[in-house]
Amino acid sequence: MALQCGIVGLPNVGKSTLFNCLSSAKAQSANFPFCTIEPNLGVITVPDERLNRLAELVHPQKIVPTTVEIVDIAGLVKGASKGEGLGNKFLANIRETDAILHVLRCFDDDNIVHVDGKIDPVRDKEIIDMELQIKDLETIDSRIAKVQKQAQTGGDKQAALAYHVLSRLKEALEQGKSARTVHFETKDEQRIARELFLLTGKPVMYICNVDENSAVSGNAYVEAVRKAVAEEEAGILIVAAGIESEIAELDDAAERQLFLSEIGLEESGVNRLIKAAYRLLNLETFLTAGPQEVRAWTFLKGSKAPQCAGVIHTDFEKGFIRAEVIKYDDYLRYGSESAVKEAGKMSVEGKEYIVQDGDIMHFRFNV
C-alpha cells in the first residue's frame, strides 16, 4: 500500500521547500502566495537500512523499498472553504490523502513575508483547522437531513446509526473541534465515520519549520505549538526545511551525514518525517528476500498473515496455506535462509499469526 500524505499550511511557511527536500520533484518555491498552482506529487522511498543489510547476504538482482507519495498543494488562506485564494479545488486534493502534514512557520525572517504580517504558528494552525472544519460541516449537513428522514420514517437501523454518527460529528465540528477528536466504540460506527472521508478526520502531524539554530531543540514557537495541540492525537516534528534543502543537494552520503552531525542531528528531518508518518498511521513493514529481489512491504500493525499475503497479491490471501517466517535478527545472525532452517529458527505460521515489523516472510498458497 502506498502511503499518501498531503502537505498543507498557509502561504510562505515552507511547504514547497519541504516538498523539494522530500521528493526528487522540484516544486516552484518563491516568496509569494500561491506559487504552487497545481498539486505537486512526489514519490519517495522509505529509508530502511534492513534492506541493505539483507542484500549484502542475499545478493539479489534488485532492492525494492516501499514508498510514500507526497502531495504539495497551494497555501490555504482564511476563507478557503468558501473559495478564497485557490479554495475548494485544493481542499478536494487533501480529501484523497491518508494523512495530513501541517507545516507551521516557527522561524523569524524579515526577507520572507507572512500572509498575516506576524509570525504566530498557533494562530496559523487555527486558521487552517477552521477552514477544514467548515468544509467538513458542509459534508455533514449535506447528508444528515436525508439520513434523519430515513431513520425516522422508514425505521432503517443503518440510517439511524448513520444519523447518530453524523450528529456526534456535527456537534464536535460546531464546537470548533476536529472530527478526529470524536471516538466511536463500535466497528460499524467507525466504518461510517471513515467512509465520510472528512478532512479533519485524518491523522495529522504538525511540522514545525524552524531556523538552523533551533533544528535540534526547537524554540518558543515550537513550545507554543506543543501546548496548543497537547490534547490532540497528533504528532509533532521539528524540521529546519532550509537546512534540509541544502543537505538534499549533497550527492555524497558521507557529506550529508557530516553536515547533520555539525548541526547536532543524527538523522535527516526527511527520514524522521517518513518514519513518524508511519507511526502516525500505525503502519509497519515486513520483508521478502530472494535472489530476484529484497523488498519491503507496508502493512497495518496488527495484521494477520493472510492479510499481509494479500499486500503482495490478492491471490496470496485467497489461497493462503501457511507463512514461513524468519526474524530479521536471526537472518543476520545465521547469514542465510538455509542456515536459519538448519538452526531451527524458521517458524511455520497459520492464519492467526500476527505479523511483526521486520519479519521476513515467505507465503505458501494455492489458488
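Residues numbered from 1 in each chain as written. Predicted model: local features only at pLDDT ≥ 70, side-chain atom pairs only at ≥ 80, totals over all residues. Heavy atoms only, no water.

## Points about the packing of helix α8 (residues 241–248) against helix α9 (residues 253–262)
The angle between the axes and the distance between the axes are what describe a pair of packed helices.
Point 1. Where α8 meets α9, the closest approach of the two axes is 9 Å, and the angle between their N-to-C directions is 155 degrees. Relative to α9, the element α8 is oriented roughly antiparallel. Crossing hand, α8 versus α9: right-handed. Contacts between α8 and α9 pair I243, E246 and I247 from the former with R256, F259 and L260 from the latter.
Point 2. Here the contact of α8 with α9 is built from residues that sort into 4 nonpolar, no polar and 2 charged. (Axes fitted to C-alpha atoms, helices over the stretch in contact; angles between N-to-C directions. Helix = DSSP H or I, 4+ residues; strand = E, 2+ residues; numbered from the N terminus. Parallel < 35°, antiparallel > 145°, perpendicular 65-115°, else oblique. Left-handed = near helix turned anticlockwise from the far one by under 90°. Contact = heavy atoms within 4.5 Å. Nonpolar A, V, L, I, M, F, W, Y, C, P; charged D, E, K, R; others polar.)

## Digging into the layout of surface pockets
Point 1. When its volume is computed, the largest pocket comes out at roughly 1,200 Å³.
Point 2. Every residue lining the largest pocket is counted, 27 residues in all, and those nearest its centre are Q190, R194, G201, K202 and P203.
Point 3. Broken down by class, the residue content of the lining of the largest pocket amounts to 15 nonpolar, 5 polar and 7 charged.
Point 4. Looking at the second largest pocket, its volume works out to about 1,000 Å³.
Point 5. Lining the second largest pocket are 36 residues, with V46, P47, D48, S268 and N271 positioned closest to its centre.
Point 6. Elements with a contribution of two residues or more to the lining of the second largest pocket: α1 (15–22), β2 (40–45), α2 (49–58), α8, α9, α10 (269–280) and β8 (283–289).
Point 7. Per-element accounting of the lining of the second largest pocket gives the leading share, 6 residues, to α10. (1 Å grid on protein atoms, 1.4 Å probe; cavity = no way out; pocket = protein on both sides within 12 Å on 5 of 7 lines; lining within 4 Å. Points joined across faces, edges and corners; volume = space filled by probe spheres on them.)

## A closer look at the side chain of D359
Point 1. Here D359 lies in the loop between β11 (347–349) and β12 (360–365).
Point 2. Within the structure, the side chain of D359 is placed 2.6 Å from the side chain of Y353, a separation counted as a polar contact.
Point 3. If near-sequence neighbours (up to four positions away) are discounted, D359 is found in contact with T285, F286, L287, V325, I326, K327 and Y353. (Polar contact = N/O pair within 3.5 Å; in protein donor to acceptor, adjacent residues only side chain to side chain.)

## Observations concerning the nonpolar core
Point 1. Formed by 53 residues in total, the largest nonpolar core has its most connected members in L3, C5, L22, V68, I70, L101 and I207.
Point 2. When neighbours within four sequence positions are excluded, C5 is seen to be in contact with V68, E69, I70, V71, T97, A99, L101 and A277.
Point 3. Membership of the second largest hydrophobic core comes to 19 residues, among which are L137, V147, L166 and L173. (Core = buried A, V, L, I, M, F, W, Y, C linked by side-chain atoms within 4.5 Å. Buried < 20%, exposed > 50% of the residue type's maximum accessible area, 1.4 Å probe, protein only.)

## Focus on empty space enclosed by the protein
Point 1. Inspection of every chain in the model, using the stated rule, returns 2 cavities of 30 Å³ or more.
Point 2. In this structure, the largest cavity occupies an estimated 50 Å³ of space.
Point 3. V8, I100, H102, I128, D129, L132, R180, V204 and Y206 are the residues that line the largest cavity.
Point 4. In terms of residue count, the dominant contributor to the lining of the largest cavity is helix α4 (residues 121–154) (3 residues).
Point 5. Of the residues belonging to the lining of the largest cavity, the class tally is 6 nonpolar, 1 polar and 2 charged.

## So, the confidence of the model for the protein
Point 1. Summarising the model, the protein shows a mean pLDDT of 85, and 88% of its residues fall at 70 or more.
Point 2. Within the model, the stretch residues 25–37 combines pLDDT values under 50 with 37 contacts to residues more than four positions away or in other chains. (pLDDT = per-residue confidence, 0-100.)

## Structural notes on the sheet that holds β2
Point 1. An order of β2-β4-β1-β5-β6-β7 is seen for the 6 strands of this open sheet, with the pairing classed as mixed. Edge positions in the open sheet fall to β2 and β7 (235–239), since each of these has one partner strand only. The mean inter-strand angle of the sheet, taken between neighbouring strand axes irrespective of direction, is 25 degrees.
Point 2. Note that strand β5 (residues 99–105) and strand β6 (residues 204–209) share 6 bridges and pair parallel. By the bridge assignment for β6, L104 is matched with C208.
Point 3. Most of the contacts of helix α7 (residues 220–228) go to β7, to which it runs at about 170 degrees, and overall it touches β5, β6 and β7. (Pairing = 2+ DSSP bridges.)

## Things to note about the packing of aromatic side chains
Point 1. Counted according to the given criterion, the structure contains 5 aromatic pairs.
Point 2. Relative to W297, the ring of F286 lies with its centre 6.3 Å away and its plane at 15 degrees, an arrangement referred to as stacked. With F286 in strand β8 and W297 in strand β9 (residues 293–300), this residue pair connects regions lying 11 residues apart in the sequence.
Point 3. Taken together, the ring pairs connect F286, W297, F299, F320 and F363 into an aromatic cluster. (Phe/Tyr/Trp six-rings, centres within 6.5 Å; stacked < 30°, edge-to-face > 60°.)

## Here we look at the pattern of salt bridges
Point 1. A complete count under the given rule lists 21 salt bridges for this structure.
Point 2. Between K125 and E232 there is a salt bridge, with the nearest N and O atoms lying 3.0 Å from each other. Of this pair, K125 sits in helix α4 while E232 sits in the loop between α7 and β7, and the two are 107 residues apart along the sequence.
Point 3. Its relative accessible area of 7% is what places K125 among the buried residues.
Point 4. When its relative accessible area of 19% is taken as the criterion, E232 is described as buried. (Salt bridge = Lys/Arg side-chain N within 4 Å of Asp/Glu carboxyl O.)

## Quick notes on unusual backbone geometry
Point 1. Within the chain, H59 stands out as a residue other than glycine whose phi angle is a positive 55 degrees.
Point 2. Within the secondary structure, H59 is located in the loop between α2 and β3 (62–64).
Point 3. Notably, N282 is not glycine yet its phi reads approximately 60 degrees, a positive angle.
Point 4. Mapping N282 onto the fold places it in the loop between α10 and β8.

## Considering α10
Point 1. The end-to-end C-alpha distance of α10 is 16 Å, a good match for the 16 Å that 12 residues give at a rise of 1.5 Å each.
Point 2. Of all the positions in α10, only G269, V270, L273, I274, A276, A277 and Y278 are classed as buried.
Point 3. For α10, the side-chain oxygen to backbone nitrogen distance between the N-cap and N271 is 3.2 Å, and the N-cap itself is S268.
Point 4. Among the residues trailing α10, N282 stands out with phi positive, at a value near 60 degrees. (Expected span 1.5 Å × (residues − 1).)

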